[in-house]
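One-letter residues, chain by chain:
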Amino acid sequence: FSRVTAEEFVRDVLVGRIGAVHAVMGANSTFGHRAAGTAERLPELGAPYGMTAEGVALLEVGGRRVSSSSVRDALSAGDLSWPLQALGRRFVLDGEVISGHGRGKGLGYPTANLRTWPRLLLPGQGIYAGVAQHGDRRFLAAIDVGTNPTFGVEPLHVEAFLLDFEDRELRGAPLAVWFWERLRDEVRYDSVDELIRAIGEDVERTRAAV
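Residues numbered from 1 in each chain as written. Predicted model: local features only at pLDDT ≥ 70, side-chain atom pairs only at ≥ 80, totals over all residues. Heavy atoms only, no water.

## Considering the pattern of salt bridges
Next, step 1: Scanning the entire structure with this criterion turns up 9 salt bridges.
Next, step 2: In this structure, R11 engages D12 in a salt bridge whose closest nitrogen and oxygen atoms are separated by 2.7 Å.
Next, step 3: You can call R11 partly exposed: its relative accessible area is 39%.
Next, step 4: Looking at D12, the relative accessible area reads 36%, which means it is partly exposed. (Salt bridge = Lys/Arg side-chain N within 4 Å of Asp/Glu carboxyl O. Buried < 20%, exposed > 50% of the residue type's maximum accessible area, 1.4 Å probe, protein only.)

Now the structure itself:
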């Protein structure tokens, strides 16, 4: 929408596509070509189409501004505490379980590989403790956001080992993963045995953290 004027955005997108009758906008947000649409202009632009609008003042928590940018920056750095404060809930990823390389099963820790939306922000690379929900059941989960460096570099992805999960077939199922605590950096190990020991420690730390 970078080349769409503010007027066209309101007419064609907010009213035409979405059917908005009332819009709420952050005080410092902008829209339309050259950021010409502002919270001050939105009521005027929406009036011809019967759409009302209002601006919302910026909010701070503990002296830090609550914004999508601040939440994204924190998540990218592996900081889960600020998103929890700013959003009022823990960060969660929703996706579909897909087939992986099968290495986790061979190591004794079969993981659910999560396919997420391509543009969805992932937390910073590392090992996390959290909770995974499959249907109406929840399980503690040791989560890896990484590239599996011990086996060579792979694209950044999310995989979770569900603790005390007996039914191992999850492929094709929706899965939601809540992130509770960052445990450590993802590390390249010199041997598979070292990796297995590290995963075992991650599992025990997950039990203690969640």
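We are not done yet, so read on.
## Re unusual backbone geometry
Next, step 1: Residue R34 is not a glycine yet carries a positive backbone phi of 60°.
Next, step 2: Within the secondary structure, R34 sits in the loop between β2 (30–31) and β3 (37–38). (Helix = DSSP H or I, 4+ residues; strand = E, 2+ residues; numbered from the N terminus.)

## What about the packing of aromatic side chains?
Next, step 1: For the coordinates displayed, the defined rule picks out 5 aromatic pairs.
Next, step 2: With a centroid separation of 5.9 Å and 45° between ring planes, the pair formed by F91 and F179 is classed as tilted. Of this pair, F91 sits in the loop between α4 (81–87) and β7 (92–98) while F179 sits in strand β12 (residues 174–184), placing them 88 residues apart in sequence.
Next, step 3: On the basis of an interplanar angle of 85° and a centroid distance of 5.2 Å, the ring pair of Y109 and F161 is categorised as edge-to-face. Pair noted here: Y109 is in the loop between α5 (103–107) and β8 (112–115) and F161 is in strand β11 (residues 157–162), with a separation of 52 residues, a long-range link.
Next, step 4: Members of the aromatic cluster, each reached through a chain of ring pairs, are F91, Y128 and F179. (Phe/Tyr/Trp six-rings, centres within 6.5 Å; stacked < 30°, edge-to-face > 60°.)

## Observations regarding the environment of L45
Next, step 1: Residue placement: L45 occurs in helix α2 (residues 42–46).
Next, step 2: Taking C-alpha positions, L45 is 35 Å from L75, a pair spaced 30 residues apart along the chain.

## Some thoughts on the sheet that holds strand β9 (residues 126–134)
Hydrogen bonds between backbone groups are what pair the strands of a sheet, and the pairing can be parallel or antiparallel.
Next, step 1: Read around the closed barrel, the 6 strands follow the order β7-β8-β11-β10-β9-β12; overall the barrel is antiparallel. Across this sheet, the average inter-strand angle for adjacent strands is 45°, counted without regard to direction.
Next, step 2: Note: β9 against strand β10 (residues 137–146), 9 bridges, orientation antiparallel. Across the sheet, residue Q133 finds its bridge partner in β10, namely R138. (Pairing = 2+ DSSP bridges. Axes fitted to C-alpha atoms, helices over the stretch in contact; angles between N-to-C directions.)

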